[in-house]
Amino acid sequence: MKVYEVAVVGSGAGGGPAAAALADAWGDGVVLIEAGRHFKREDFNQLERDMLPALYAQSGLQGTEDGAIGMLQGRAVGGSTVVNDAICFRPPPEIEERWAALDAPVSLAELQPFVEEVERTLSVTQIPRHMINRANYLVGLGAARMGWAGERLHHNSPGCVQCGFRHIGCAYDAKRSMNLTFVPLALMRGAELRAETEVQSLERKGGVWTLHTDGEPIQAKRVVLAAGVVMTPTLLLRSGIDAGDGVQSHLCSVAWGDFEDRVDGFAGIPMAYGVLEHSDVYGHTGPGYLIEGVSVQPLSFSVQHQFHGLEHEDVLARYPYLAGALGVVRSRGRGRIELGPKGRPAIHHPLVPEDAARISDFYARATEMFLAAGAKRVLLAHRETRWVAAPPTDVRIDKHLAYLYAPHHFGGANRGAVCDAEGRVKGQDDLWVLDASAIPEALGVNPQITIAALALQGAGRLLG
């Protein structure tokens, strides 16, 4: 049996760049392992009923054990970058002080060359004005009338055809996700890709790691775990290595401004404008959430609202007239990943009072914003408080009342706890974590650039 120099588990924002950097040194001594399929552009048929179950972990139904928070995660070569909104933020400068307090110091000056390499490889540009659809324009208009700081976002899709289907894979190879950038680069340098191969556990004997999979075992001198915040801690736990604590996320909920004229938010780039006024990054001192313009396709929209019968029909009839705003809350509560029955991951995530208050504040500020932009009323993704015509002050935030999901997860194998400050798993030889599960806190912005830059830096340190 071949013994590889390194096995990289996971091909997303962490695994793809790590594999490419390691293959530059070790060529065919690198094996990149991915549980999901290797989708090509012709596979993305732009039908939610087909692509949601195909591209997302647990068919898009992965969530916390209490069923209250959806935990979205891609399952494909390229990981969650295949289904993300292509939004790119540089690492916030505030992380230097925050991470130092968590025994996970990071130097942004040292990280900057890797940030720039990621941005070049992913072709990151600011979304031009002519690509701002009406839904995102209305978010920007309302924010401007409120006097709030906002900006056109950066994305890694400069050739976007503005079809509106970023969440279910790019059928035009325009979104420069990991399956089109760092993964092909790794393969060009000699790495081997094993898709549809799920690693079950790890075992080290005689200086060699054996990766037990759902097929034949794989052996390597070194292992990089980059399987995501759910599966990386799960693999460590299945392997007898303590992990899983300290999980945070960006808790998200949605508000929709209802306008007299058609908005047709489903047409164009779903997420293109961001309001930073209420964030606590890049020098802002707000409560700690972003507002990002958002649009989703009809199936995804319909599950956000707990209406029934004719009421539900009425809401769907307003769909073309709605502009969406996403509240991206940097969670303060910390959850954990445990082993459930038969070793499956069991996800626990609290909703602490501080996070609940910020979700409530988002509902109120988003309502103000849409009313300022000319909306006649606002629809909240909440089971008790739905249509509002003024900023609500009495929204009861409970895990089973507000529609909540988490598209970005952090921790579970935190630097400063499970790993050292560079990503090595403490007490283990030649075992690294180079994905978001090593990031010690919720970042505060869309994380793919930070994850990829840290992975490139970590791969360089692994090579010595």
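Structure: see above.
Report on the accompanying structure.

Rules used in this analysis
Numbers given for residues are sequential positions, taken from 1 along each chain in its written order. Two thresholds apply to this predicted model, a pLDDT of at least 70 for residue-level local features and 80 or more for giving and counting side-chain atom pairs, whereas whole-chain, interface and lining totals are computed over all residues. Heavy atoms from the whole structure form the basis of all side-chain values; hydrogens and water molecules are not counted. Cysteine sulfur atoms that come within 2.5 Å of each other are treated as a disulfide pair. Accessibility here uses a 1.4 Å probe with only protein chains present; expressed as a share of the type maximum, an area under 20% marks a residue as buried, one over 50% as exposed, and anything in between as partly exposed. Labels follow the DSSP assignment, with helices taken as runs of H or I lasting at least four residues and strands as runs of E lasting at least two, numbered in each case from the N terminus. Two residues form a contact once any of their heavy atoms are found within 4.5 Å. Grid spacing is 1 Å over the protein atoms alone, the probe is 1.4 Å, and a cavity is where that probe fits but cannot get out, while a pocket is an open set with protein on both sides within 12 Å along at least five of seven lines and lining residues have an atom within 4 Å of a point. Grid points are joined across faces, edges and corners, and a volume is the space filled by probe spheres set on the points. When residue character is reported, Ala, Val, Leu, Ile, Met, Phe, Trp, Tyr, Cys and Pro are called nonpolar, Asp, Glu, Lys and Arg charged, and the others, Gly included, polar. One less than the number of residues in a helix, times 1.5 Å, gives the span that helix is expected to have. By convention, a stacked pair of Phe, Tyr or Trp rings (six-membered ring in the case of Trp) has centres within 6.5 Å and planes under 30 degrees apart, an edge-to-face pair has planes over 60 apart, and any other such pair is tilted. Over a ring means this: the NZ of a Lys or the CZ of an Arg is within 6 Å of the ring centre and within 35 degrees of the ring normal. A pairing counts as a salt bridge when a side-chain nitrogen of Lys or Arg comes within 4 Å of a carboxyl oxygen of Asp or Glu. One bridge is not enough; two strands pair if DSSP finds at least two bridges between them. Handedness rule for crossovers: strands pointing away from the viewer, path from the first strand over the helix to the second running clockwise, crossover right-handed. We define a polar contact as two N or O atoms separated by no more than 3.5 Å, with the added condition that, inside protein, one atom must be a possible hydrogen donor and the other a possible acceptor, whereas residues neighbouring each other in sequence contribute only through side-chain atom pairs. Every axis in this analysis is a line fitted to C-alpha atoms, fitted for helices over the stretch in contact. Angles between the N-to-C directions lie between 0 and 180 degrees. By definition, turning the near helix anticlockwise from the far helix through less than a right angle yields a left-handed crossing, and turning it clockwise yields a right-handed one.

## What about the state of the cysteines?
Among covalent bonds in proteins, the disulfide is the one between the sulfur atoms of two cysteines.
So, point 1. Per the counting criterion, the structure on display carries zero disulfides.
So, point 2. Take Cys-88: it sits in no disulfide, and the sulfur closest to it among the cysteines is that of Cys-160, at 12 Å.
So, point 3. Classification of Cys-88 by relative accessible area gives buried; the value is 7%.
So, point 4. With no disulfide of its own, Cys-252 lies closest to Cys-88 among cysteine sulfurs, the gap being 17 Å.

## Considerations on the environment of Leu-454
So, point 1. When you line up the elements, Leu-454 lands in helix H11 (residues 448-463).
So, point 2. Along the chain, Leu-454 and Asp-435 lie 19 residues apart, while their C-alpha atoms are 8.0 Å from each other.
So, point 3. Contact partners of Leu-454, with chain neighbours within four places excluded, come to Trp-99, Val-106, Leu-111, Arg-415, Leu-434 and Ile-439.

## Looking at empty space enclosed by the protein
So, point 1. Enumeration according to the criterion identifies four cavities of 30 Å³ or more in this entry.
So, point 2. In this structure, the largest cavity spans a volume of roughly 70 Å³.
So, point 3. Every residue along the wall of the largest cavity is listed here: Ser-157, Cys-160, Val-161, Gln-162, Cys-163, Gly-164, Phe-165, Arg-166, Cys-170, Tyr-172, Ala-174 and Lys-175.
So, point 4. Residue composition of the lining of the largest cavity, by class: seven nonpolar, three polar and two charged.
So, point 5. Here the second largest cavity defines a volume of roughly 50 Å³.
So, point 6. Looking at the second largest cavity, the residues that line it are Phe-44, Val-82, Gly-169, Cys-170, Asp-173, Lys-175, Ser-177, Asn-179 and Leu-180.
So, point 7. Classifying every residue of the lining of the second largest cavity by side-chain character gives four nonpolar, three polar and two charged.

## Brief notes about helix H5 (residues 134-146)
So, point 1. Look at H5: 18 Å from first C-alpha to last across 13 residues, which is about the 18 Å you get at 1.5 Å a residue.
So, point 2. Looking only at H5, the buried set comprises Ala-135, Asn-136, Leu-138, Val-139, Gly-140, Leu-141, Gly-142 and Ala-143.
So, point 3. Elements in contact with the buried residues of H5: strand S12 (273-275), strand S13 (289-294), strand S14 (322-330) and helix H10 (353-372).
So, point 4. Just beyond H5, the residue with positive phi is Gly-147, at close to 80 degrees.

## Topic: the packing of aromatic side chains
So, point 1. Taken as a whole and assessed by the stated rule, the structure comprises nine aromatic pairs.
So, point 2. Taking the centre distance of 6.2 Å and the plane angle of 80 degrees together, the rings of Phe-259 and Phe-370 count as edge-to-face. Here Phe-259 is found in the loop between strand S11 (245-258) and S12, whereas its partner Phe-370 is found in helix H10, with 111 residues between them in sequence. Judged on exposure class, the residue Phe-259 and its partner Phe-370 are both buried.
So, point 3. Taking 5.8 Å as the distance between ring centres and 50 degrees as the angle between the ring planes, the aromatic pair formed by Tyr-403 and Tyr-405 counts as tilted.
So, point 4. Taken together, the ring pairs connect Trp-256, Phe-266, Phe-301 and Tyr-319 into an aromatic cluster.
So, point 5. We note Arg-318 situated over the ring of Tyr-321; from NZ or CZ to the ring centre the distance is 4.2 Å.

## Examining unusual backbone geometry
So, point 1. Look at Ala-86: it is not a glycine, yet its phi comes out positive at around 65 degrees.
So, point 2. If you trace the backbone, Ala-86 turns up in the loop between strand S3 (69-71) and helix H3 (95-100).
So, point 3. Taking the relative accessible area as the measure of exposure, Ala-86 reaches 0% and is therefore buried.
So, point 4. Positive phi, close to 55 degrees, is recorded for Tyr-282, a residue that is not glycine.

## Here we look at the pattern of salt bridges
So, point 1. For the structure shown, the criterion picks out 29 salt bridges.
So, point 2. In this structure, the salt-bridge partner of Arg-37 is Asp-43, at a minimum N-O distance of 3.9 Å.
So, point 3. For Asp-66, the salt bridge goes to Lys-399, with nearest N and O atoms at 2.6 Å. Here Asp-66, found in the loop between helix H2 (48-55) and S3, pairs with Lys-399, found in the loop between strand S18 (387-388) and strand S19 (404-406); they are 333 residues apart in sequence, far enough to count as distant.
So, point 4. Of the residues examined, Asp-66 reaches a relative accessible area of 37% and is grouped as partly exposed.
So, point 5. Via salt bridges that share partners, Arg-98, Asp-280, Arg-330, Arg-332, Glu-354 and Glu-441 belong to a single interconnected network.

## So, the pairing of strand S1 (residues 3-9)
So, point 1. In terms of residue burial, S1 counts as a mostly covered element, since five of its seven residues are buried.
So, point 2. Summarising the sheet, S1 and strand S10 (residues 218-225) pair through six bridges and their orientation is parallel. Looking at the pairing, Val-6 lines up with Arg-222 of S10.
So, point 3. Two elements, S1 and strand S2 (residues 30-33), share four bridges in a ladder whose sense is parallel. Bridged to Val-6 within S2 is Val-30.
So, point 4. The handedness of the S1 to S2 crossover, carried by helix H1 (residues 15-26), is right-handed.

## Quick word on the side chain of His-167
So, point 1. Inspection of the secondary structure puts His-167 in the loop between strand S6 (154-155) and helix H6 (182-188).
So, point 2. One polar contact links His-167 to Asp-85, side chain to side chain, over a distance of 3.1 Å.
So, point 3. Excluding residues that lie within four positions of it along the chain, His-167 makes contacts with Tyr-56, Val-83, Asp-85, Pro-270, Ser-295 and Val-296.

## Here's the deal with the packing of helix H4 (residues 108-122) against H11
So, point 1. Across the interface, H4 lies against H11 with an axial gap of 8 Å and an inter-helix angle of 115 degrees. Considering only the axes of H4 and H11, their crossing is right-handed. Judged by residue contacts, Glu-110, Leu-111, Phe-114, Val-115, Glu-117, Val-118 and Leu-122 of H4 engage Gln-448, Ile-449, Ala-452, Ala-453, Leu-454, Leu-456, Gln-457 and Arg-461 from H11.
So, point 2. Here the residues of the contact of H4 with H11 sort into ten nonpolar, two polar and three charged.

Geometric descriptors of this kind do not, in isolation, establish any biological role.
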